[in-house]
2 protein chains.
Amino acid sequence: VSRFTEDELVAELRRLLAGDAPGVVLGPGDDAALVEMGPHLGILTTDLLVESVHFERETTSPRDLGYKSIAVNVSDVAAMGASPRYGLVSLGLPSSTDPAWVVDLYGGMLEATSEYAMSLVGGDVSRSPRIVVSVAVAGQVARGTAVKRSGARPGDRLVITGALGAAAGGLRLAQAPPLEVAAAVRTEWGRELLRALFRPLARVGEGQVLALEGATSMIDVSDGLALDLSRLCRESGVGATVQISRVPVAPELIELAGVLKLEPIELALSGGEDYELLATVRPGALEEAAAKVRDRFGTPLTDIGEIKLGAEVIAVEADGSEHPLEPKGWDHFAR
Amino acid sequence: VSRFTEDELVAELRRLLAGDAPGVVLGPGDDAALVEMGPHLGILTTDLLVESVHFERETTSPRDLGYKSIAVNVSDVAAMGASPRYGLVSLGLPSSTDPAWVVDLYGGMLEATSEYAMSLVGGDVSRSPRIVVSVAVAGQVARGTAVKRSGARPGDRLVITGALGAAAGGLRLAQAPPLEVAAAVRTEWGRELLRALFRPLARVGEGQVLALEGATSMIDVSDGLALDLSRLCRESGVGATVQISRVPVAPELIELAGVLKLEPIELALSGGEDYELLATVRPGALEEAAAKVRDRFGTPLTDIGEIKLGAEVIAVEADGSEHPLEPKGWDHFAR
């Protein structure tokens with residue numbers, strides 16, 4: 001027997017979401033939401049999180065899941081240099097779901113929407129054999145400023161925000177034997193790896209600065225640097241070289257490598273779920289872009305390579321040797 | 001082993017969706033879509049269809065499923081008197097899914113988006129143990145013209161477009177013994193019942209006319225007249241009387257009642273999935289609204305009752321007897 005009716009759940013969620021929000025003319029509870037879109041272009045994106053594919057109910061807290069379901073969509077908006085505004089949430093829930101779990105899920109979503117100055121304006125709740133969280137985000141971007149995947153040109157510098165591999169390290173840590181996990185969560189680097197996995201940050205401000213500083217192309221690194229770079233290159237019709245020794249590896253991941261058997265650079269290149277921004281800039285724009293991203297957000301912007309004619313993505317090792325950078329990473333149908 | 005990679009599937013879907021479309025500045029294939037939203041208010045809605053809850057893979061064609069996944073969202077937009085413009089699709093697919101199935105699903109979506117002058121601008125594809133289709137629609141509505149659920153006032157007439165119960169009849173027919181099904185699909189009424197179930201029509205034009213003619217409140221009847229009327233009354237803080245003998249029952253459902261044991265009026269009141277519009281209008285506006293809806297779209301608009309002070313929804317039978325109209329209908333957590 002179900003623990004709540006659809007209308008009871010919707011009423012509870014409406015109480016959670018109640019309150020005036022900028023631009024929201026009509027929020028949750030009607031057939032659809034009404035919002036101000038302003039004079040700019042609209043930006044629309046959606047992402048789906050599925051139980052036992054993207055997360056396990058046993059090892060993921062509803063707050064973290066809610067937070068992440070918003071952040072991964074915001075990251076897509078950030079990768080265009082745009083601003084997120086409104087979120088829609090479609091939930092599929094087993095009828096055995098505890099209403100408190102759903103309230104916590106929304107609590108995590110509201111933490112994220114508050115962080116990114118967004119509003120949740122509506123959604124749909126339905127029964128489902130497994131938990132499904134589908135979020136769509138609508139936002140805005142000034143005309144002519146959105147940064148696509150397709151604008152990279154030979155000679156552009158390849159840059160990345162932050163550091164890579166922490167989320168993949170967090171996943172390895174979460175799956176490690178209990179004694180290793182217990183020891184690691186007593187360290188700051190251990191907690192940081194888990195935060196990177198469960199509470200990814202979307203680089204909204206950094207994306208907007210990169211757009212203003214003339215980034216020629218941009219993508220968020222959700223499926224791993226190697227795979228997402230191959231996508232950027234394919235869309236732009238270019239190749240690239242990546243100086244492997246310059247790829248910023250999360251220092252916490254290097255700490256983890258002292259405990260678990262893993263290759264930090266492998267996870268940094270193809271671990272996925274980093275949600276850093278990979279962009280290309282004209283060489284003359286590099287210094288100012290890096291300075292602004294660092295000064296405004298404390299985020300490093302690292303020059304890791306160059307866009308080349310052709311279609312090949314080449315890894316250049318510290319000793320100068322070269323090999324193709326395989327587009328390995330998170331493929332939703334490969335596992 | 002998977003039959004395709006995520007990128008191969010996305011590339012195939014992009015080919016399907018290719019082509020310039022009005023207002024679409026950047027379509028599928030980047031981190032997010034860029035669209036013109038115009039000077040009007042934005043309208044946002046989303047709906048989730050889950051295998052073995054909303055449909056069975058064995059008995060639903062991918063074209064029908066694709067068509068319906070768009071139509072149910074468009075119906076929510078229609079219920080505000082607004083115009084749908086852009087669709088986002090999040091798909092969760094078992095890794096065993098035949099790519100041709102996905103192409104057919106999109107074929108059905110494109111039939112619907114073409115019918116409603118919309119564009120599919122992006123989405124997400126992910127692995128999932130069961131098929132999940134989550135659609136979000138963004139659209140537009142002129143300021144001050146959107147019709148909410150909350151505007152019904154005592155004395156308003158309660159009106160409904162079209163006729164009710166055909167989709168519920170279609171569901172009963174689809175689940176009937178093979179001989180009955182085979183006989184029914186040789187009849188026009190049998191095919192019409194199945195069409196109502198698998199290919200629901202969203203009343204976009206009718207919704208816009210009702211908005212222009214001053215409808216005070218409106219909702220689409222997705223979960224059954226009784227349940228959706230109770231929602232409209234609750235949001236408006238009013239009660240209602242419904243003249244049961246005036247409720248338009250789909251004639252095809254009455255034909256079905258000659259073959260299967262069922263009460264047509266029961267299915268018309270609480271069968272669900274009709275996607276007709278239930279609205280309230282001031283008494284003086286009724287005649288012109290009905291004439292315009294009929295003349296422009298060939299759709300009947302039937303006066304079935306009246307909005308009353310209070311909170312009770314009362315059914316008035318043909319003999320004048322009265323009883324509460326139970327808000328029975330499709331509750332996603334009750335079954």
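Before we go on, may I ask you to explain the sheet that holds strand β1 (residues 24-26) of chain B in this structure?
Two pairing modes exist for strands in a sheet, parallel and antiparallel, and in both the strands are linked by backbone hydrogen bonds. The mixed open sheet is built from six strands, whose spatial order is β5(A)-β4(A)-β6(A)-β3(A)-β2(B)-β1(B). Edge strands, defined here as strands with exactly one partner in the open sheet, are β5 (119-127) of chain A together with β1 of chain B. When the angles between neighbouring strand axes are averaged without regard to direction, this sheet yields 25 degrees. One ladder, built from two bridges, connects β1 of chain B with strand β2 (residues 33-35) of chain B; its direction is antiparallel. Bridging across to β2 of chain B, V24 of chain B finds its partner in V35 of chain B. Helix α1 (residues 6-17) of chain A rests against β4 (83-93) and β5 of chain A of the sheet, and its axis sits at about 165 degrees to β5 of chain A. Relative to β4 of chain A, helix α3 (residues 99-115) of chain A is tilted by about 165 degrees, and along the sheet it contacts β4, β5 and β6 (132-141) of chain A.

Whenever I open this one, helix α11 (residues 286-297) of chain A confuses me. Can you help?
It helps to recall that an α-helix has 3.6 residues per turn; residues three or four apart then point in one direction. All names here are of chain A. Look at α11: 16 Å from first C-alpha to last across 12 residues, which is about the 16 Å you get at 1.5 Å a residue. Residues of α11 that are buried include every one of L286, A289, A290 and V293, and no others. Considered in projection along α11, the buried side chains sweep an arc of 95 degrees and stay on one side of the axis. Exposed residues on α11 whose side chains face more than 90 degrees from its buried face are E287, D295 and R296. Residues of α11 that are buried in the fold lie against β7 (157-161), α7 (204-212), β10 (276-281) and β11 (301-308). Positive backbone phi, approximately 65 degrees, marks G298, located one or two places after α11.

Help me understand the side chain of R203 of chain B, please; the structure alone is not making it clear to me.
All names here are of chain B. Along the chain, R203 turns up in the loop between α6 (188-198) and α7 (204-212). A distance of 2.8 Å separates polar atoms of two side chains, one belonging to R203 and the other to E276. Engagement of the side chain of R203 in a polar contact is seen with the side chain of T299, the distance being 3.4 Å. Each residue touching R203, except ones within four places of it in the same chain, is listed here: A78, T161, G162, Y275, E276, L277 and T299.

Is there a simple way to think about the relation of the copies chain A and chain B in this case?
Relating one copy of the chain to the other takes a rotation about an axis and a shift parallel to that axis. You can overlay chain A on chain B at an RMSD of 0.0 Å; the transform is a turn of 180 degrees with a shift of 0.0 Å along its axis. The operation mapping one copy onto its partner corresponds to a two-fold rotation axis. Comparing interface residues between copies, 100% of those in chain A also sit at the interface in chain B, which points to an isologous, same-surface contact.

Would you mind showing me how to read the interface of chain A and chain B here?
Buried accessible area, meaning the area lost when the parts come together, often serves as the stated size of an interface. Every contact between the two is made by 76 residues of chain A and, on the other side, 76 residues of chain B. With both sides pooled, the region where chain A packs onto chain B buries about 5900 Å², and carbon together with sulfur makes up 57% of that total. In this structure, the connection of chain A to chain B is made through 12 salt bridges. In this structure, R231 of chain B engages D7 of chain A in a salt bridge whose closest nitrogen and oxygen atoms are separated by 2.8 Å. Top element by residues in the side of chain A that touches chain B is strand β3 (residues 41-50) of chain A. It accounts for nine residues. A class-by-class count of the residues in the side of chain A that touches chain B yields 36 nonpolar, 18 polar and 22 charged. Bridge analysis of β3 of chain A against β2 of chain B gives three bridges, and the strand direction is antiparallel. Within β2 of chain B, the residue paired with I43 of chain A across the bridge is L34 of chain B.

Here is what the cut-offs are and how they apply
Residues numbered from 1 in each chain as written. Chains lettered and ligands numbered in written order. Predicted model: local features only at pLDDT ≥ 70, side-chain atom pairs only at ≥ 80, totals over all residues. Heavy atoms only, no water. Pairing = 2+ DSSP bridges. Helix = DSSP H or I, 4+ residues; strand = E, 2+ residues; numbered from the N terminus. Axes fitted to C-alpha atoms, helices over the stretch in contact; angles between N-to-C directions. Contact = heavy atoms within 4.5 Å. Expected span 1.5 Å × (residues − 1). Buried < 20%, exposed > 50% of the residue type's maximum accessible area, 1.4 Å probe, protein only. Arc of directions from axis to C-beta. Polar contact = N/O pair within 3.5 Å; in protein donor to acceptor, adjacent residues only side chain to side chain. Least-squares fit on C-alpha atoms with pLDDT ≥ 70 in both. Buried area = accessible area lost by both parts, 1.4 Å probe. Salt bridge = Lys/Arg side-chain N within 4 Å of Asp/Glu carboxyl O. Nonpolar A, V, L, I, M, F, W, Y, C, P; charged D, E, K, R; others polar.

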